[in-house]
Amino acid sequence: MTASGRHIALAQAYDGITRVVADLDDADLQRPTGCRGWLVADLLFHVLCDAQRALVALASPAPGPADVDQVSYWRSFPPGGAAGGDRHAWWARRSASAFERPSGVVRLWSDTAPAAVRAAGAAVHGDDPERCVTTQGHVIRIPDLLATLTTEAVLHHLDLIVDLPDAPRPGAAAVAVTLTTLDGLRADAPRPAGWDDQDYLLKASGRRPLTDADRRELGAAAERFPLLG
C-alpha cells in the first residue's frame, strides 16, 4: 500500500472511533470495554494519547535507516501485560477520570484526531513521504508509523464497542492495514480456514480465545498466539 493509502487508512480508523463516541452520553462513556479495567472514556483517552504521539512523531524527523517497520514495531510490546502496561492502564484511567465529565475526553479527541490525520496527510504528500521519524525510542518510516497507528486504532475500536452493539465497525481500508500487520506477525503460521476477518482480528490479538479446533489447525504455532496485545 502506498504512503497515501496509509494516510487514507489512518483517517478512516480515527474517523471510525469518532463515529463510535461522538454521540455517546456520559452514561454510555462509562460502559465497559474489551480492555480490562477500562471504561469507554478511559480507552478513548488511551487512543487520544496515541493521536498526540502521532503529532509529535510526525514533527520529529530522524536520520535513517529505520530500525522497525509496520510489523517489527510490535515486537517491542509483547502481549501478556507487563508491569509497565499495568502502570499505564492505571495512569490512563486516573487521567481520564480527571476530566469534569467523560464527554471532555470526547471533545479533546475530536480536536486531536483530525489534527493528527492532517499532519499525516501533509507528511505523505510532502517532498519525501518515505522519510524517517522517531517515536517511542525507535526510528520508523512514515508509512510504517501510520500503519502502526491504524492497527492500534482498529483493535481498540473493537474494544470500544463490546458493550455498544449498535456502534459502527472499523472501515475496510483500516481493517486491511491491520490484517497486513497480523499477517506479518503470523509469518509462516497458518490462518485457520474458518476464520473470517473479524475472527482473525480478535483471535490473533488475544481478544477472543483460541478454540480446540483452532489449536489443532495451528499446531505448534498456537503457542505464538496472541500475536500482539
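Use the structure listed above.
Thresholds, definitions, all that
- Residues numbered from 1 in each chain as written.
- Predicted model: local features only at pLDDT ≥ 70, side-chain atom pairs only at ≥ 80, totals over all residues.
- Heavy atoms only, no water.
- Helix = DSSP H or I, 4+ residues; strand = E, 2+ residues; numbered from the N terminus.
- Buried < 20%, exposed > 50% of the residue type's maximum accessible area, 1.4 Å probe, protein only.
- Contact = heavy atoms within 4.5 Å.
- Areas by Shrake-Rupley, 256 points an atom, 1.4 Å probe, with all protein chains shown as cover.
- Lys, Arg positive; Asp, Glu negative; His and termini not counted.
- Charge placed at Lys NZ, Arg CZ, Asp CG, Glu CD.
- Salt bridge = Lys/Arg side-chain N within 4 Å of Asp/Glu carboxyl O.
- Phe/Tyr/Trp six-rings, centres within 6.5 Å; stacked < 30°, edge-to-face > 60°.
- Pairing = 2+ DSSP bridges.
- Core = buried A, V, L, I, M, F, W, Y, C linked by side-chain atoms within 4.5 Å.

Below, the discussion takes up the overall build of the chain. Helix and strand counts for the chain stand at eight helices and two strands. Sequence-ordered secondary structure for the chain, helices as α and strands as β, is α-α-α-α-β-β-α-α-α-α. Considering only C-alpha atoms, the chain reaches an extent of 50 × 45 × 35 Å along its principal axes. The buried share of the chain, reckoned over its 229 residues, is 51%. A fraction of 72% describes how many contacts in the chain between residues 6 or more apart in sequence connect residues 24 or more apart. Of the roughly 10600 Å² of accessible surface on the chain, 53% is carried by carbon and sulfur atoms. Charge separation in the chain, taken as the distance between the mean sites of 23 positive and 29 negative side-chain charges, equals 3 Å.

With respect to the helices and strands, the residue serine 110 is situated in helix α4 (residues 103–124). A relative accessible area of 33% places serine 110 in the partly exposed class. A C-alpha to C-alpha distance of 26 Å links serine 110 and arginine 141, two positions 31 residues apart in sequence.

On to the environment of alanine 222. Of note, alanine 222 is situated in the segment after α8 (212–218). Along the chain, alanine 222 and glutamate 100 lie 122 residues apart, while their C-alpha atoms are 45 Å from each other. Discounting residues that sit within four places of it in the chain, alanine 222 has contacts with Leu210 and Arg215.

Turning our eyes to something else, we now look at the pattern of salt bridges. If you walk through the whole model with that rule in mind, you get 16 salt bridges. Between arginine 141 and glutamate 130 there is a salt bridge, with its nearest N and O atoms 2.0 Å apart. Of this pair, arginine 141 sits in strand β2 (residues 138–141) while glutamate 130 sits in the loop between α4 and β1 (132–135), and the two are eleven residues apart along the sequence. When its relative accessible area of 28% is taken as the criterion, arginine 141 is described as partly exposed. Judged by its relative accessible area of 36%, glutamate 130 is partly exposed. For aspartate 214, the salt bridge goes to lysine 203, with nearest N and O atoms at 2.6 Å. Pair noted here: aspartate 214 is in helix α8 and lysine 203 is in helix α7 (residues 197–204), with a separation of eleven residues, a long-range link.

Inspection of every chain in the model, using the stated rule, returns seven aromatic pairs. Ring plane angle 70 degrees and centroid distance 5.1 Å describe the contact between tyrosine 14 and tryptophan 109, whose orientation is recorded as edge-to-face. Within this pair, whereas tyrosine 14 is found in helix α1 (residues 3–21), its partner tryptophan 109 is found in helix α4, the two being separated by 95 residues in sequence. According to the relative accessible area criterion, tyrosine 14 is buried, its value standing at 2%. Through successive ring pairs, a cluster of aromatic residues spans Phe45, Trp91 and Phe99.

It is worth spelling out the pairing of β1 at this point. By the bridge criterion, four bridges tie β1 to β2 in an arrangement that is antiparallel. Along β2, the bridge assignment pairs threonine 134 with valine 139. The hairpin turn running from β1 into β2, its antiparallel successor, is two residues long, and glutamine 136 in that turn takes a positive phi close to 50 degrees.

Attention shifts here to the nonpolar core. Membership of the largest hydrophobic core comes to 70 residues, with the highest contact counts inside it found for Tyr14, Val21, Trp109 and Phe225. If you list the elements that add at least two residues to this core, you get α1, α2 (40–58), α3 (83–97), α4, α5 (142–160), α6 (172–186) and α7. With twelve residues, the single largest contributor to this core is α2. With residues up to four places along the chain from it excluded, the contact list for phenylalanine 225 reads Ala189, Trp195, Lys203, Ala204, Leu210 and Leu218.

With that settled, consider unusual backbone geometry. Cis geometry marks the peptide bond from glycine 64 to proline 65, where omega comes out at 5 degrees. In this structure, proline 226 follows phenylalanine 225 across a cis peptide bond, with omega equal to 0 degrees. Summarising the element assignment, proline 226 is placed in the segment after α8. Phi angles above zero are rare outside glycine, and glutamine 136 is one such case at about 50 degrees. Turning to its location among the elements, glutamine 136 is positioned in the loop between β1 and β2. Residue classification places glutamine 136 among the partly exposed positions, given a relative accessible area of 44%. In this structure, alanine 187 is a non-glycine residue whose phi angle is positive, near 55 degrees. Along the chain, alanine 187 falls in the loop between α6 and α7. Given a relative accessible area of 51%, alanine 187 falls into the exposed group.

That's the geometry; what it means functionally is another story.
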